[in-house]
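# Descriptive analysis of the structure
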Amino acid sequence: MFKSRNPTRPEPLFGRSRHRWVRRLPYGVAILFIAALLPVTGMVLSQDHGLHPDLAVVLAVLQTLPLLMAVRRPLLAWAIVFVADVGGAVALLSVPAQDGRPWPWTPMSIVGMLLLTLAVGLRERRRTLLTVWLLLLSASVVLRSVSPERSDGSWVPLIVLSGVLLVVGGALRERGDAQRALAEQETISEAERARRTLLEERTRIARELHDVVAHHMSVITVQADSAPYRLDGLPSEAREEFASIAAAARESLTEMRRLLGVLRSEDASGEVSASERAPQPGVERIPQLVEATVRAGLPVELSMPDPLPTGVPQTVDLSAYRITQEALANVVRHAPGAKTRVSVTVDADGSALMVLVVNATAPDADAPPLETSGTGHGLVGMRERVRLVGGTLDTGPLPGGGFRVAARLPFTTNTEEELFTA
């Protein structure tokens, strides 16, 4: 009946508080009440009620010291004090009754019991709280019936106040449990949302990467099929080898189309949209992207090499465009009207493409941004695209205000090897 919810190592009352003084408050209250009640209880029992001094000291210790135990084990502390209070009431039956002396509970035992009932209410469940209150009521009624002439009715306020404190403590405990459960659920939901965002971005990137790889596989197929007609004097073994290469390429294309079907959302139709049929954009489309952003009201400066670099891998070409697109979209959503600079360059040794998007703070601080909290797809998508090509990404606020997105996309990576060994 008095089984604690955490029998091994229960945490103290208010132990989950972020404030240190709140966590130490139960210890301070317990020590304060022990210091006040212990000497008074022993003196009142021995001098006012006439109990033997040794017995009075023992009862005073049992009725007050468990208050410190109540910080971690309030139910056990209540049980010890309850037994000690009942024992004290029975012991007082051995001395002559005196007018004006409360019985069966002394004022000190009432104070200690009320403090313990509040502690029990903050820790235990409803069934336990009801059991505690019924035991206290039963003991009061039984003791009063044993010696009604001694009882002065002081037990009635104890029963009423203990019931109120048990209800208040139980309500506070349930409210705290509900808040902790809600916080845990929000943490789980946030983690699930971040994971879902990451998977959605990876799926979108995989669909775009499908177009790049499919183009190369189509070129391999066409070259292998046309080799016997373009090259004269090929031996039969070479013709069979080219036919085998073409067949393997066609089979790879078929498997890639099946994979793309798996990556599509469940509610997507089987038809391919016009945007999916269009060629994937690259660095050469960034000026058009900037021009459209300027027409939308965002002052953007563009710096690009002239002529544009050649021989850029398609994955790098597509990633540079998408990173620039996401960065400009974030500026429009979170800092509308801010001056923005877009820079696309090739690093000094010609081994990587550098993409830099820097925006200042919004010109009108009173104008609210279009979005105060994004979906998280933008930065997640940038990181995944950079990871795909084995590059690096640096994002974050600037000291003087604004935001910076800097990506380095190497032309040669070991991405294929990493994908197969991951």
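Residues numbered from 1 in each chain as written. Predicted model: local features only at pLDDT ≥ 70, side-chain atom pairs only at ≥ 80, totals over all residues. Heavy atoms only, no water.

### Focus: unusual backbone geometry
Backbone torsion omega between Trp-103 and Pro-104 reads 10°, so that peptide bond is classified as cis. Looking along the chain, the bond that leaves Asp-306 and enters Pro-307 is cis, with omega of 5°. Counting through the fold element by element, Pro-307 comes out in the loop between strand S1 (300-303) and helix H11 (314-334). (Helix = DSSP H or I, 4+ residues; strand = E, 2+ residues; numbered from the N terminus.)

### Considerations on the packing of helix H10 (residues 286-295) against H11
Running from N to C, H10 and H11 cross one another at 10°; their axes reach a closest spacing of 10 Å. One finds that H10 runs roughly parallel with respect to H11. For the pair H10 and H11, the contacting residues are Ile-286, Leu-289, Val-290 and Thr-293 in the first and Ala-320, Tyr-321, Thr-324, Gln-325, Leu-328 and Val-332 in the second. Residues that form the contact of H10 with H11 fall into these classes: seven nonpolar, three polar and no charged. (Axes fitted to C-alpha atoms, helices over the stretch in contact; angles between N-to-C directions. Parallel < 35°, antiparallel > 145°, perpendicular 65-115°, else oblique. Contact = heavy atoms within 4.5 Å. Nonpolar A, V, L, I, M, F, W, Y, C, P; charged D, E, K, R; others polar.)

### A look at the sheet that holds strand S5 (residues 403-410)
Spatially, S1-S2-S3-S5-S4 is the arrangement adopted by the five strands of the open sheet, whose pairing is mixed. The open sheet is flanked by S1 and strand S4 (392-397), the only strands paired with a single partner. Going across the sheet, the axis of each strand differs from the next one's by a mean of 5°, ignoring polarity. In the packing of H10 onto the sheet, the strands contacted are S1 and strand S2 (340-346), and the crossing angle to S1 comes to about 170°. Sheet strands touched by H11: S1, S2, strand S3 (352-359) and S5. Its angle to S3, the strand with the most contacts, is close to 5°. (Pairing = 2+ DSSP bridges.)

### Quick notes on the side chain of Ser-319
Along the polypeptide, Ser-319 turns up in helix H11. Discounting residues that sit within four places of it in the chain, Ser-319 has contacts with Arg-385, Val-389 and Leu-409.

### Quick notes on the nonpolar core
Counting residues in each nonpolar core, the largest one holds 39 residues, and the members touching the most others are Trp-78 and Trp-105. Counting only elements with at least two residues in this core, the list comes to helix H1 (20-48), helix H2 (53-64), helix H4 (74-92), helix H5 (107-121), helix H6 (126-146) and helix H7 (155-230). Broken down by element, the residue count for this core peaks at nine residues, all from H4. Grouped together as the second largest cluster of nonpolar side chains are 25 residues, Val-283, Leu-289, Ile-323 and Val-344 included. (Core = buried A, V, L, I, M, F, W, Y, C linked by side-chain atoms within 4.5 Å. Buried < 20%, exposed > 50% of the residue type's maximum accessible area, 1.4 Å probe, protein only.)

### What about H1?
Relative to the 42 Å expected for 29 residues at 1.5 Å per residue, H1 spans 42 Å between its end C-alpha atoms, a close match to the ideal helical length. Of all the bends in H1, the largest measures some 30° and sits at Pro-26. When H1 is considered as a whole, its buried residues turn out to be Val-22, Pro-26, Ala-30, Ile-34, Leu-37, Thr-41, Gly-42, Val-44 and Leu-45. On the buried face of H1, the contacting elements are H2, helix H3 (66-69), H4 and H5. Positive backbone phi, approximately 85°, marks Gly-50, located one or two places after H1. (Expected span 1.5 Å × (residues − 1). Bend = angle between axes of the 7 residues up to and from the residue.)

### Quick word on the pairing of S3
The element S3 is extensively covered by neighbouring structure, given that six of its eight residues are classed as buried. Across seven bridges, the pairing between S2 and S3 is antiparallel. Paired with Thr-340 across the two strands is Asn-359, which belongs to S3. Connecting S2 to the next strand, S3, in antiparallel fashion are five residues, including Gly-350 with a positive phi near 70°.

### Section: the confidence of the model for the protein chain
Looking at the protein chain as a whole, the pLDDT averages 81, with 85% of positions reaching at least 70. Counting interchain partners and residues more than four positions distant, the pLDDT-below-50 stretch residues 1-7 has 15 contacts. Counting interchain partners and residues more than four positions distant, the pLDDT-below-50 stretch residues 368-376 has 13 contacts. (pLDDT = per-residue confidence, 0-100.)

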